[in-house]
Amino acid sequence: MTSFQSTIGDEEGIAEELAEGQREISIAEFFEKNKHMLGFDSGARGLVTAVKEAVDNALDATEEAGVLPDIYIEIEEVGDYYRLVIEDNGPGITKAELPKVFGKLLYGSRFHTREQNRGQQGIGISAAVLYSQLTSGQPAKITSRPKGQSRAQYFELIIDTDTNEPEIKADEEATWDRPHGTRIELEMEANMRARQQLHDYVKHTAVVNPHARIELREPGLDEPMKFERATDDLPAETKEIRPHPHGVELGALIKMLEATESYSVSGFLQEEFTRVGKKTADSVIDNFRDVYYGRELSWTPPRAHDDRDVAAAVSEAVANKGKAATTAFAEGVAETVSGNDRLSRSELATIVGNVADGVEDDTGKTFGETVRENAVDAAWRAITGVDTDGEPVGAAAGDAAGDGEDDGGEADSPLVADAYALVDEATSTRKDDAAVQAMADALTRRFLNLDGDAFRIARDDLDRLVADAANFVAEQHDATFGETARENVVEAFWSRARTVPDDPPKVRDVAADRDAAADLLEAMRTTDILAPPTDCLAPITAELVEAGLRKEYDADFYAAATRDAEVHGGDPFIVEAGIAYGGNIPAEGSVELLRFANRVPLVYQRGACATTDVIKSIGWRNYGLDQPGGSGMPNGPAVISIHVASTNVPFTSESKDALANVPAIEDEIELAVREAARELKSFLNKRRSMQQRREKQDVLGKILPEMADKVSEVTGRPRPDIDGALARIMNNVSVDREVSDGTVTLVVENHSDVNEQLEITDIVTTEPTDPSDGTVVDMDGEWFVQWKPEVPSGDERELTYAVDDDAEFEVSVGGVETEKLTVNA
Amino acid sequence: MTTDTDARDELIDLAADFYDQFAGGKIPELQLPTRTKSNIEYDTESGVWTYGDRTSTRSANSVRGARKLLKAAYTIEFLANQLDEGRSSTLRELYYLSESWDNDEAQFKSQDESNDLVEDLEIVTGVTREDFHMRPEESGATLMGPLEIREQTRRGEREIHCQEDVGEGGYQIPNNPDMIEFLDDDIDFALAVETGGMRDRLVENGFDEEYDCLVIHLKGQPARATRRITKRVHDELDVPIAVFADGDPWSYRIYGSVAYGSIKSAHLSKYLATPEAQFVGIQPEDIVEYDLPADPLSDSDVNALESELEDPRFQTDYWEEQIELQLDIGKKSEQQSLASRGLDFVTDTYLPERLGAMGVL
């Protein structure tokens, strides 16, 4: 079962079930039956779930109020029970709504909004209250102090399990040291067997909410666990958005159509959906027309030499308009028609209308509706050879008798040549001519059989028609038109067919006609529409994902990636991934996977989670992690964190433990993880090559001086300076100092195969003068000479300045890894 | 003749090259001719095969290369000291001696490594290892025939007649045959024999006496000293040299190294090879003609034959014909297979016929 929002349509979801439950069974009974779904199936788990719900609420409340969260969690043993205290520094809750928020299942502002929030159902914290009440018999004790009030309000609250109504047992003023915030105290039957999950939850919450300060005290801890802030930036404020056209389902669409105040489909689309303006609405409506009405096939009008005389046909269809006007009209239509490559009947009608308007203006004669229609009929007959009933005209009947071939004599129809050209173009050159001709004949016959004379056909009907013709040709002429050839033929005709100018049906008609609504939905889905705005989402951002990991894991490497927003079921979502590697992360066993949904850590049911499936499906060996068997969870000192932010995160169950396997989301998870993993790979590669370099350096750093010693011994000369040779061997950057006649020269040689951007600072004890390029800064009697030279691969630079002979120097070089640096200065 | 001082100076010069490379900020390196089959060329002037123009570089740029050069530096020092002190040592001793060096990295991992290094030094300095006072283990190869020599031993001069003054085993060729002086001889030709069994048969049958022949025992792939003395016998005594080996690809290589020089020591070909040496047999042709007992060619035999067809040393009409014939019949025979026709067949029939046909007799 997915979450509430996705079942809001026509399926019977838990919401309905709950609503019924209110009338027929007591809420306590309902809770008892469903507590596993809500995460309260055991005492151990109940405690974690209660903490989770309360902390989620606290974080949401503080963020909504624009306050940096400061959350305090305390668990105490009280006799046979555990007492759970959660405090936040949120805005507090007003006296009027407080009981409802904590005391009534399904109360919550988020149920119907498309906005990213931690809680979505308004079920969690009240379930915790109910659980505590059912197990310990104690009321929830709530203290709230709205901002600016001098005193806090203290309540004791129980839920009337018969009516699902909160009952306030105590309501008095109290003092509280926090200037504002909420404190909830629950006593419940519980145990601390899930301590690890509790710690994970709190730690992971800290990772994913680097702006929050969290403190946890529980009986098993000597010292409270404290998680400090890594940033003072609150997550971006989220906005509520309307649904996205790509994400609605048919039932939802029909409901929206019924509820809207818009009259036209265009208005409806623009009013009710996000990312739909006039232009997008027009595109949707064009697609809607194509699905709903079908397109009109277009045909090649006769050229000058053709015997299909449009002018004559038009002129014959016009009566009583005088010779000049008739001729002008007929010629005008014929000329415009022949100026078009292809025409559909609707386009012809437009041409006739335009020409008629022009002739009216020129001659003062009126060309009324009837005249125009007759002219269109006549001209269309001339162009396509069919009359208004869609039947072939003229000599066709005679021919049919003559050659006696199958179902008609349309071989003479002017459309055949047209169809032949398109089929020929669409099929491979290897098709023999007779087969193409047979296909063109068969298609033409079937087009002529379409209702009316406008050749209107929907895409799927065209598919069927072409398939039928292809089967016929296969049977009669033993020529195969395979799948691809058929598709090409369909595409050839469809791409030349014209969208009809008819007005789309009105909203109320669409709402009343399920098929029309389905057509509209298809049109919405096939139209390219901008992804939904992301201001309804608050991604952590790659930077802070990394900061969160950095804060809680002491690793050698961190990477993070945030994907662009995508849509699933009309709800935008963003996937973020982070990886920490090495350092103090344990190297044994599989990597640690941190799962987050809307900044809430998912602690249970890891195996059922889409994130786990995605991680297992990735070939981690490519990215430098060990993966036994090449699939499954990778091993090694790594932490992978995945955050899915959405206005509606699809969970596998109401306890919100695992993400459902939604392909669109899985794809994005994979892309995000791979993006971060690529960085890991290049880090590991670099580290490996640095390690090899270090090993080589270690060995050569030992061997070469010994060799130098030996050759100086044999030759009886003093030991040679081998730094230059060493730097060259290591593909290193070397910095050497030469001092002569009061001039200091630092020679920078780049023996590596890449350009190096260096930062060289020389600290001098007496004042240097005349530096080449660099800057000189006086720091309390020491002078810092600084250069930032770029040294191309294989090149060298000389940095010079003048100074007293008795000066002392200390050089530091930055911008290049120490492994690659040989300083002799 | 290279004196000890010359040899020493060459070594020190090489060390100085390394020194200068270091001092010039360059990576020390050693240029050597590439020692592969594809890089040996026929030297028309001397008629032997020597290294071509292609070179390989041993550079300190890699850990492997640096280790090699370090070992070279240590070996140079060792050899220079040895020359100073007028002592000598064997290649095997050099290998064990490296264990005593103060530097683990400079120690040899195997004797092949030290042998190769000494060859490298020979090539680069142009001094033979004999002149470095490095000698191999005695190979045990011998001479038997009417030849009188004077050998300069560490215990004074010895004059030896290689037929009259020696036992059945013959005169053992010393490591540095240049210490021998030829005094007198009664030799018509020299016969270099691959196997000990065949040498003993020839001596037992009195072949050397009957034909005034110097029987040189090659003892498999001949050592440098054996090849050197063969060349000296040919050059100084002006007698023809014939090589008598098995009829298989490995034995053709033995002939090749006597006549044309070996790939590994191609830098010394002019000093070691006897291009005029002729191959007696066993020829593939003989296997057919004398109907000798034969073994089928193994896969490695076939590969070796095919590789010889591509070996520039064997690209003559004679060898191409013989090798292709052998590949065709698919058989090989040993020298001793001649015994199938009686113990005297080789000395009474085969050799006189073959040597006669070759114009040696």
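Residues numbered from 1 in each chain as written. Chains lettered and ligands numbered in written order. Predicted model: local features only at pLDDT ≥ 70, side-chain atom pairs only at ≥ 80, totals over all residues. Heavy atoms only, no water.

A few points about the overall build of chain A
Along chain A, the regular secondary structure elements total 24 helices and 27 strands. Taken over 825 residues, chain A has a buried fraction of 53%. Accessible surface, chain A as shown: approximately 36600 Å² in total, 43% of it carbon and sulfur. (Helix = DSSP H or I, 4+ residues; strand = E, 2+ residues; numbered from the N terminus. Buried < 20%, exposed > 50% of the residue type's maximum accessible area, 1.4 Å probe, protein only. Areas by Shrake-Rupley, 256 points an atom, 1.4 Å probe, with all protein chains shown as cover.)

Notes on the interface of chain A and chain B
In this complex, chain A contributes 25 residues to the contact, which on the side of chain B involves 26 residues. When the two sides are added together, the surface that chain A and chain B hide from each other amounts to roughly 2300 Å², 72% of it contributed by carbon and sulfur. It is Met-707, Lys-710 and Val-714 of chain A that lose the most area in chain A upon contact with chain B, and together they represent 26% of the buried surface on that side. For the pair chain A and chain B, the number of links is three salt bridges. The partner of Lys-710 of chain A in a salt bridge is Glu-77 of chain B, and the shortest N-O contact between them spans 2.8 Å. (Contact = heavy atoms within 4.5 Å. Buried area = accessible area lost by both parts, 1.4 Å probe. Salt bridge = Lys/Arg side-chain N within 4 Å of Asp/Glu carboxyl O.)

Digging into a negative patch on the surface
All names here are of chain B. Residues Glu-285, Glu-289, Asp-317, Glu-321, Glu-324, Asp-328 and Glu-353 make up a contiguous surface patch of negative charge. Those elements that place two or more of their residues in the negative patch are α10 (284-289) and α12 (317-329). If one sorts the elements of the negative patch by residue count, α12 sits on top with four residues. Overall, Asp-317 belongs to the exposed group, its relative accessible area being 64%. (Patch = residues over 30% accessible without salt bridge, like charges linked within 9 Å, V, L, I, M, F, W, Y side chains within 5 Å. Lys, Arg positive; Asp, Glu negative; His and termini not counted. Charge placed at Lys NZ, Arg CZ, Asp CG, Glu CD.)

A look at α12 of chain B
Each turn of an α-helix holds 3.6 residues, which means side chains three or four residues apart point in the same direction. All names here are of chain B. Taking 1.5 Å per residue, 13 residues should reach 18 Å; α12 reaches 18 Å between its end C-alpha atoms and fits that length. Those residues of α12 lying buried are Trp-319, Gln-322, Ile-323 and Gln-326. The buried residues of α12 all sit within an arc of 95 degrees when viewed along its axis, so they share a single face. Seen from the open side of α12, the exposed residues pointing more than 90 degrees away from its buried face are Asp-317, Glu-321 and Asp-328. Where α12 is buried, its residues touch α8 (249-259), β15 (278-281), α10, α11 (299-309) and β17 (331-332). After α12 finishes, the residue Gly-330 shows a positive phi value of roughly 65 degrees. (Expected span 1.5 Å × (residues − 1). Arc of directions from axis to C-beta.)

Remarks on the confidence of the model for chain A
Note: predicted coordinates in regions of low pLDDT should not be interpreted at a detailed level. Predicted confidence across chain A gives a mean pLDDT of 82, with 89% of residues reaching 70 or more. Note on residues 395-411 of chain A: pLDDT under 50 across the span, and 15 contacts to partners over four residues away in sequence or across chains. (pLDDT = per-residue confidence, 0-100.)

Remarks on the nonpolar core
Residue and element names in this part refer to chain B. With 65 residues, the main nonpolar core has Leu-147, Leu-191, Phe-207, Phe-244, Val-280, Tyr-350 and Leu-351 as its most contacted residues. A per-element tally of this core places helix α13 (residues 345-358) first, with six residues. Once residues lying within four places of it in the same chain are set aside, the contact partners of Leu-147 are Ile-160, His-161, Cys-162, Phe-182, Asp-184, Asp-185, Ile-187, Leu-214 and Leu-237. (Core = buried A, V, L, I, M, F, W, Y, C linked by side-chain atoms within 4.5 Å.)

Things to note about the environment of Glu-320 of chain B
Residue and element names in this part refer to chain B. One can find Glu-320 in helix α12. For the pair formed by Glu-320 and Leu-309, sequence separation is eleven residues and the distance between their alpha carbons is 6.5 Å. Glu-320 has contacts with Leu-309, Phe-314 and Gln-315, leaving out every residue within four places of it along the chain.

Re the pairing of strand β2 (residues 81-88) of chain A
Residues and elements named next belong to chain A. Of all eight residues in β2, six are buried; the element is thus mostly enclosed. Inspection of the sheet shows strand β1 (residues 70-78) paired to β2 by seven bridges, in the antiparallel sense. Residue pairing for β2: Glu-77 is matched across the bridge by Tyr-82. Counting the residues that bridge the hairpin from β1 to β2 gives two residues, and of these Gly-79 lies at a positive phi of roughly 60 degrees. Two elements, β2 and strand β6 (residues 181-188), share seven bridges in a ladder whose sense is antiparallel. Bridging across to β6, Tyr-82 finds its partner in Met-188. (Pairing = 2+ DSSP bridges.)

Side note on the sheet that holds strand β19 (residues 743-750) of chain A
All names here are of chain A. A sheet is described by the order of its strands in space; here four strands give the open sequence β25-β19-β18-β27, paired in mixed fashion. In this open sheet, the two strands that pair with only one neighbour each are β25 (796-802) and β27 (821-824). Geometrically, the sheet is characterised by an average inter-axis angle of 15 degrees between neighbouring strands, direction not taken into account. Note that strand β18 (residues 733-740) and β19 share eight bridges and pair antiparallel. Bridging from a neighbouring strand, Ser-734 pairs with Glu-749 of β19. (Axes fitted to C-alpha atoms, helices over the stretch in contact; angles between N-to-C directions.)

With respect to unusual backbone geometry
The residue after Gly-281 of chain B, namely Ile-282 of chain B, is reached through a cis peptide bond having omega 5 degrees. Among the secondary structure elements, Ile-282 of chain B is positioned in the loop between β15 and α10. Its identity as a non-glycine residue notwithstanding, Arg-275 of chain A has a phi of 65 degrees, on the positive side. When you line up the elements, Arg-275 of chain A lands in the loop between α8 (265-272) and α9 (278-292). Despite not being glycine, Thr-541 of chain A shows a phi value in the positive range, around 80 degrees. Mapping Thr-541 of chain A onto the fold places it in the loop between α20 (514-526) and α21 (542-552). Of the residues examined, Thr-541 of chain A reaches a relative accessible area of 36% and is grouped as partly exposed.

Quick notes on the pattern of salt bridges
All names here are of chain A. If you walk through the whole model with that rule in mind, you get 61 salt bridges over all chains. Asp-70 is the salt-bridge partner of Arg-213, the closest N and O atoms lying 2.8 Å from each other. With Arg-213 in strand β7 (residues 213-217) and Asp-70 in strand β1, this residue pair connects regions lying 143 residues apart in the sequence. Shared partners join several salt bridges into a network, and the residues in it are Glu-76, Arg-83, Glu-87, Arg-178, Arg-183, Glu-185 and Glu-187.

Considering the packing of helix α16 (residues 433-448) of chain A against helix α17 (residues 459-477) of chain A
All names here are of chain A. Two elements in contact, α16 and α17, have axes whose closest approach is 9 Å; the angle formed by their N-to-C orientations is 135 degrees. Judged on the interaxial angle alone, α17 and α16 are oblique. Between α16 and α17 lies a crossing of right-handed hand. On α17, the residues that touch Ala-435, Ala-438, Met-439, Ala-442, Leu-443, Arg-445, Arg-446 and Phe-447 of α16 are Leu-462, Leu-465, Val-466, Asp-468, Ala-469, Ala-470, Phe-472, Val-473 and His-477. Broken down by class, the residue content of the contact of α16 with α17 amounts to 13 nonpolar, one polar and three charged. (Parallel < 35°, antiparallel > 145°, perpendicular 65-115°, else oblique. Left-handed = near helix turned anticlockwise from the far one by under 90°. Nonpolar A, V, L, I, M, F, W, Y, C, P; charged D, E, K, R; others polar.)

Regarding the sheet that holds strand β4 (residues 152-160) of chain A
Strand pairs in the sheet, formed through backbone hydrogen bonds, run parallel or antiparallel to each other. Residues and elements named next belong to chain A. The strand order across the open sheet formed by eight strands is β5-β4-β3-β6-β2-β1-β7-β8, and the pairing between neighbours is mixed. With partners counted over all chains shown, the strands left at the sheet margins are β5 (165-174) and β8 (225-227), one partner each. Direction aside, the axes of adjacent strands within the sheet are offset by 15 degrees on average. As paired elements, β1 and β7 share five bridges and run parallel to each other. Opposite Tyr-72, over in β7, you have Glu-215 as the bridge partner.

Here's the deal with the confidence of the model for chain B
When pLDDT is averaged across chain B, the result is 87; 99% of the residues are at 70 or more. For this predicted complex, the interface confidence score (ipTM) comes to 0.76, while the overall pTM stands at 0.55.

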